[in-house]
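Chain residues, written in single-letter form:
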Amino acid sequence: MKTEVAIIGAGPAGLLLGHLLRAEGIACVVLERRTPDYVLGRIRAGVLEQVTVGLMERLGLDARLKAEGLPHDGFNLADGERLIRIDLAELTGQQVVVYGQTELTRDLMDAAPERGLEVVYAAEDVALHDVAGDAPYVTWRKDGAEHRLDARFVIGCDGFHGPSRRMVPAGVGREYERVYPFGWLGIMADVPPCNHELIYANHARGFALASMRSQARSRYYIDVPVTERIEDWPDERVWDELALRLGPEAAAHITRGPSIEKPIAPPRSFVFEPMRHGSLLLCGDAAHIVPPTGAKGLNLAASDVHYAAEALVGFFKRNDPEAIAAYSARALSRVWKSERFSWSLTRLMHRFPEDGPFERAMQVAELDYIASSRAAQTAIAENYVGLPV
Ligand code: FAS
Ligand code: PHB
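As the structure is a computational prediction, the values presented were derived from the model and not from experiment.

## Observations regarding the overall build of the protein chain
Okay, step 1: Secondary structure summary: the protein chain contains 13 helices and 23 strands in total.
Okay, step 2: With the C-alpha coordinates aligned to their principal axes, the bounding extent of the protein chain is approximately 60 × 40 × 40 Å.

This is the structure:
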């Protein structure tokens with residue numbers, strides 16, 4: 001088999017990129033190791049920046065997003081009794097949209113056949129070859145048969161644990177990592193949200209986040225020690241903790257119900273440079289991870305894809321090899337600013353085990369400053385809605 005672009009991974013990054021390339025008439029094939037149901041079974045992000053919404057609009061795949069997504073004009077920081085509302089619409093003129101990553105992936109998946117986007121699911125042992133040169137190829141096994149796909153470029157959209165990043169030689173790649181000293185325990189339940197906007201809470205007992213997927217499906221998080229196991233946290237214990245950490249006003253509006261998903265995930269900050277090596281480009285979690293505090297993970301994947309699509313269109317349709325050379329620096333510039341925002345909001349809203357009275361005093365002072373300063377709120381707002389691409 002031969003194509004112009006081989007994409008590894010059919011998560012949001014791989015599918016978004018595949019659709020953007022097909023819309024420009026660029027041949028591509030997506031190789032995904034899991035089945036469609038498995039990919040859709042992963043419950044992850046819930047908040048879309050305008051960049052991500054804009055890509056779906058550009059593709060004409062935003063019908064369900066427009067019908068079912070929840071536009072939000074603001075969100076809240078809670079520090080004990082105090083609630084600080086960040087008025088996104090007033091401060092930036094923009095909104096965010098609450099729409100699950102699962103639904104966005106479903107929209108992209110469902111549209112692939114009619115858009116001529118070939119996605120090979122259940123592709124086993126996907127391996128990348130000769131990515132440093134101009135004639136890379138990918139091999140895999142499916143239904144007992146060996147396959148090979150020759151391409152001009154290979155795009156690693158294979159997430160944090162995929163093979164693409166490892167194709168960059170040790171002497172070339174540089175890693176930056178911060179693993180946080182707590183886990184995020186999430187609970188999804190088919191109950192109405194406790195508040196019409198998101199609430200991020202920094203409470204003496206720990207962090208909590210009240211989010212949602214719809215008016216009938218809520219998503220909450222609390223931070224827990226890294227040693228905790230999910231079996232230590234029956235639903236009732238999670239609901240009790242959320243009520244304490246979110247404060248009496250929100251607690252009075254929490255509707256409890258059985259969890260339909262309850263994972264513990266360890267937040268980390270991670271960046272891999274460069275995001276290009278020869279004919280290999282990296283997009284999304286294959287190149288970086290952010291703590292979910294800033295709701296940036298999925299949205300950074302989308303901005304990487306925006307830059308990668310521009311680079312590939314430049315190469316194939318304007319015969320501009322410089323477009324490819326510019327990709328890594330362009331993507332990393334936005335990646336690092338989103339990493340900073342996600343790290344800083346995580347630092348502000350969590351009680352770190354190693355923190356002492358001074359660090360707590362700094363959190364209180366920063367929240368006081370945010371509560372009293374339009375400039376401070378604007379800085380948070382413009383990062384939360386997503387910096388320009
Ligand atoms: P993905 O990991 O989504 O997709 C990679 C794809 O590559 C997968 O389908 C995988 O099966 C495939 N793949 C891997 N290895 C392969 C191989 N060898 N061959 C072929 N295919 C291969 N972000 C937020 O913004 N908000 C959140 O609340 C949030 N919560 C999260 C919770 C969890 C538990 C996790 C893990 C992440 C969360 N994220 C969140 C981040 C998440 O949404 C990612 O940023 C987003 O999925 C990135 O998309 P992709 O880069 O496409 O990677
Ligand atoms: C979610 O709804 O899953 C969510 C929302 C905002 C975040 C993290 C997760 O910052």
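Once you've had a look at it, read on.
## Brief notes about the nonpolar core
Okay, step 1: Counting residues in hydrophobic clusters, the biggest one holds 78 residues, and the most contacted among them are Ile7, Leu17, Ile155 and Tyr327.
Okay, step 2: Considering each element in turn, this core owes the most residues, twelve residues, to helix H9 (residues 297-318).
Okay, step 3: Apart from the residues lying within four places of it in its own chain, the contact partners of Ile155 are Val5, Ala6, Ile7, Ile8, Leu17, Leu281, Cys283 and Leu312.
Okay, step 4: Listed in part, the 32 residues of the second largest apolar core include Ile84, Tyr221, Phe341 and Ile380.

## Some words on the site of ligand 2
Okay, step 1: The immediate surroundings of ligand 2 are formed by 13 residues, with Tyr200, Ser211, Arg213, Tyr221 and Pro292 found nearest.
Okay, step 2: Within the backbone of Pro292, an N or O atom sits 2.6 Å from an oxygen atom of ligand 2.
Okay, step 3: For ligand 2, the protein covers 97% of the area, taking 280 Å² as the surface of the free molecule.
Okay, step 4: The set of elements that each furnish at least two residues to the shell around ligand 2 consists of strand E16 (206-214) and strand E17 (217-224).
Okay, step 5: Element by element, the count of residues in the shell around ligand 2 is highest for E16, at three residues.

## Re the sheet that holds strand E3 (residues 47-48)
Okay, step 1: Spatial ordering of the open sheet is given by E3-E7-E4, a layout of three strands whose pairing is antiparallel. Two strands lie at the open edges of the sheet, namely E3 and strand E4 (70-72), each paired on one side alone.
Okay, step 2: Pairing geometry for E4 and strand E7 (residues 96-98), over three bridges, is antiparallel. For Leu70, the partnering residue across the bridge sits in E7 and is Val98.

## Brief notes about the environment of Pro292
Okay, step 1: Considering the arrangement of structural elements, one finds Pro292 in the loop between strand E23 (288-289) and H9.
Okay, step 2: For the pair Pro292 and Arg44, spaced 248 residues apart in sequence, the C-alpha to C-alpha distance is 9.5 Å.
Okay, step 3: Pro292 has contacts with Trp184 and Pro267, leaving out every residue within four places of it along the chain.

## Some points on the side chain of Arg165
Okay, step 1: When you line up the elements, Arg165 lands in the loop between strand E12 (153-156) and strand E13 (174-179).
Okay, step 2: As a buried residue without a salt bridge, Arg165 has its nearest oppositely charged side chain in Glu175, at a separation of 4.4 Å.
Okay, step 3: Discounting chain neighbours no more than four positions away, the residues touching Arg165 are Gly159, Phe160, Glu175, Phe270, Phe272, Leu282, Asp285 and Ala286.

## Focus on the environment of Gly133
Okay, step 1: Checked against the element boundaries, Gly133 lands in the loop between strand E9 (124-129) and strand E10 (137-142).
Okay, step 2: Accessibility expressed as a relative area gives 29% for Gly133, which makes it partly exposed.
Okay, step 3: For the pair Gly133 and Val53, spaced 80 residues apart in the sequence, the C-alpha separation amounts to 35 Å.

## Quick notes on the site of ligand 1
Okay, step 1: Not every one of the 28 residues close to ligand 1 is listed here, only the nearest: Glu32, Arg42, Arg44, Gln101 and Asp285.
Okay, step 2: Residue Glu32 places a side-chain N or O atom 2.7 Å away from an oxygen atom belonging to ligand 1.
Okay, step 3: Within the side chain of Arg44, an N or O atom sits 2.9 Å from an oxygen atom of ligand 1.
Okay, step 4: Contact with the protein chains removes 86% of the 990 Å² of surface that ligand 1 exposes when unbound.

## Topic: the sheet that holds E13
Okay, step 1: Judged by pairing direction, the sheet is antiparallel, and its three strands sit side by side in the order E13-E20-E23 without closing on themselves. Of all strands in the sheet, those with a lone pairing partner are E13 and E23, marking the two edges.
Okay, step 2: Judged from the six bridges that link them, E13 and strand E20 (residues 268-273) form a sheet pairing that is antiparallel. The residue of E20 that forms the bridge with Val179 is Arg268.
Okay, step 3: Contacting E13, E20 and E23, helix H11 (residues 327-349) runs over the sheet at an angle of about 165 degrees to E20.

## Re the packing of helix H12 (residues 357-372) against helix H13 (residues 374-384)
Packed helix pairs are specified by the crossing angle of their axes together with the interaxial distance, meaning the distance between the axes.
Okay, step 1: Direction vectors running N to C along H12 and H13 enclose 100 degrees, while the axes themselves pass 5 Å from each other. In terms of orientation, H12 lies roughly perpendicular with respect to H13. Here H12 contributes Tyr369, Ile370, Ala371 and Ser372 to the contact with H13, which in turn contributes Arg374, Ala376, Gln377 and Ile380.
Okay, step 2: Tallied by class, the residues present in the contact of H12 with H13 amount to five nonpolar, two polar and one charged.

What counts, and at which threshold
- Residues numbered from 1 in each chain as written.
- Chains lettered and ligands numbered in written order.
- Predicted model: local features only at pLDDT ≥ 70, side-chain atom pairs only at ≥ 80, totals over all residues.
- Heavy atoms only, no water.
- Helix = DSSP H or I, 4+ residues; strand = E, 2+ residues; numbered from the N terminus.
- Core = buried A, V, L, I, M, F, W, Y, C linked by side-chain atoms within 4.5 Å.
- Buried < 20%, exposed > 50% of the residue type's maximum accessible area, 1.4 Å probe, protein only.
- Contact = heavy atoms within 4.5 Å.
- Near = heavy atom within 4 Å.
- Polar contact = N/O pair within 3.5 Å; in protein donor to acceptor, adjacent residues only side chain to side chain.
- Areas by Shrake-Rupley, 256 points an atom, 1.4 Å probe, with all protein chains shown as cover.
- Pairing = 2+ DSSP bridges.
- Lys, Arg positive; Asp, Glu negative; His and termini not counted.
- Salt bridge = Lys/Arg side-chain N within 4 Å of Asp/Glu carboxyl O.
- Axes fitted to C-alpha atoms, helices over the stretch in contact; angles between N-to-C directions.
- Parallel < 35°, antiparallel > 145°, perpendicular 65-115°, else oblique.
- Nonpolar A, V, L, I, M, F, W, Y, C, P; charged D, E, K, R; others polar.

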